[in-house]
Amino acid sequence: MREEHDVPLSSLTTMRVGGRASRLITVETTDELVDAVREVDDAEEPLLVLSGGSNLIVADGGFPGTVVRVATTGVTRESVDSCGGAVVRVAAGEDWDGVVAQAVEQGWAGIEALSGIPGLTGATPIQNVGAYGQEVAQTIAQVRTWDREEQAVRTFFNADCRFSYRHSRFKGTDRFVVLDVLYQLEVADLSRPIAYAALADGLGVPLGTRVPLADTRAAVLEQRRKRGMVLDAADHDTWSCGSFFTNPILTQAEFDEFAERAAERLGFEAPVPPRFAEPDGRVKTSAAWLIEKAGFAKGFGLPAPAALSTKHTLAVTNRGGATASDVLALARQVRDGVEDAFGIRLVNEPVLVGEQL
């Protein structure tokens with residue numbers, strides 16, 4: 001366990017903005033993580049648990065309490081066989097893309113389409129991380145947490161996690177600190193069926209095809225690089241939190257009203273808004289489409305210090321020297337512009353600390 005004071009949090013987030021932490025404790029074991037959280041709670045101090053910083057925007061004023069930075073490690077194969085699959089327990093502080101790379105190398109299928117996503121493993125169940133037709137909810141067997149209210153370790157099975165699109169029972173609450181995650185993966189040389197059209201096109205195969213795991217990973221990384229979604233210190237398009245807004249999910253009546261409004265704005269011969277059926281009968285549409293059709297093109301905001309990515313309109317980026325206030329001002333402008341144009345209020349994906357959108 002390592003303790004530091006007056007540490008700039010901008011250096012610990014992918015957006016590279018935010019003020020200082022009064023105290024930063026870095027923990028390298030699960031016991032240290034629990035002990036650090038208990039100590040802060042017992043002292044009744046403000047607590048921020050910091051993972052990879054890839055989905056976090058800290059206010060320019062910093063954080064007045066203690067930041068506990070998770071740096072725990074460990075990938076343990078609890079069992080591997082062709083019938084039950086590969087049951088793998090991963091510490092919360094393990095680099096997520098490193099876990100995916102190891103799974104591909106070992107022949108464990110189910111998370112290969114989640115390649116290139118920045119951040120740490122402990123964050124994946126909180127937001128139910130997903131991309132290119134896969135979500136971690138499809139492979140998570142258990143999530144082991146520290147319950148700050150009960151002051152006890154508490155394990156949740158998949159059905160108890162309340163997974164939904166970019167959400168779980170762990171999101172929107174600071175009660176639970178993820179300690180490790182148990183994944184149940186398929187033992188296979190081939191990927192899960194390709195479920196995303198752009199990925200299938202990149203691979204040159206029909207939807208539903210299974211391809212070698214390494215091919216899927218390479219194709220996903222290629223797709224993400226095209227969108228500036230693979231971290232690169234030299235590329236300001238990657239100085240972001242990835243997709244800043246989630247894709248809206250609407251009732252059928254809400255979608256019909258939106259489609260009519262879009263036709264009135266764009267012309268009745270314009271392409272209809274994207275729609276994807278949800279299992280509960282609702283309809284998901286594209287936040288990127290909304291942003292672009294509301295008049296915010298790639299690179300919108302340049303040459304200001306905060307601008308939309310030149311590769312993907314869903315990413316609000318730091319062009320160098322941006323503050324948290326700059327980033328959020330642009331995000332508000334985009335959110336309000338979409339609402340004015342189409343009547344849909346976008347919801348931010350990143351967690352905001354000390355700020356509101």
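Going by the structure above, here's the rest.
An account of the accompanying structure is given in this report.

Here is what the cut-offs are and how they apply
- Residues numbered from 1 in each chain as written.
- Predicted model: local features only at pLDDT ≥ 70, side-chain atom pairs only at ≥ 80, totals over all residues.
- Heavy atoms only, no water.
- Core = buried A, V, L, I, M, F, W, Y, C linked by side-chain atoms within 4.5 Å.
- Buried < 20%, exposed > 50% of the residue type's maximum accessible area, 1.4 Å probe, protein only.
- Helix = DSSP H or I, 4+ residues; strand = E, 2+ residues; numbered from the N terminus.
- Contact = heavy atoms within 4.5 Å.
- Pairing = 2+ DSSP bridges.
- Axes fitted to C-alpha atoms, helices over the stretch in contact; angles between N-to-C directions.

1. Overview of the nonpolar core
Counting 52 residues, the largest nonpolar core has Leu33, Trp96 and Ile111 as its most contacted members. Top element by residues in this core is strand β13 (residues 176-187). It accounts for 7 residues. For Leu33, the contacting residues outside a window of four places in its chain are Val27, Val68, Val70, Val177, Val178 and Leu179. Of all hydrophobic cores here, the second largest spans 36 residues; its members include Ala262, Ala306, Leu308 and Ile344.

2. A few points about the sheet that holds strand β2 (residues 20-27)
Reading across the sheet, the 4 strands line up as β1-β2-β5-β3 and stay open at both edges, with mixed pairing between neighbours. Two strands close off the open sheet at either side, each with one partner strand: β1 (2-8) and β3 (47-50). The mean angle between the axes of side-by-side strands here comes to 30 degrees, regardless of whether they run parallel or antiparallel.

3. Some thoughts on the sheet that holds strand β14 (residues 249-250)
Ordered in space as β14-β16-β15, the 3 strands form an open sheet in which the pairing is antiparallel. Since the sheet does not close on itself, it has two edges, and those belong to β14 and β15 (276-277), each with one partner. As paired strands, β15 and strand β16 (residues 283-284) are joined by 2 bridges and run antiparallel to one another. Across the sheet, residue Phe276 finds its bridge partner in β16, namely Lys284.

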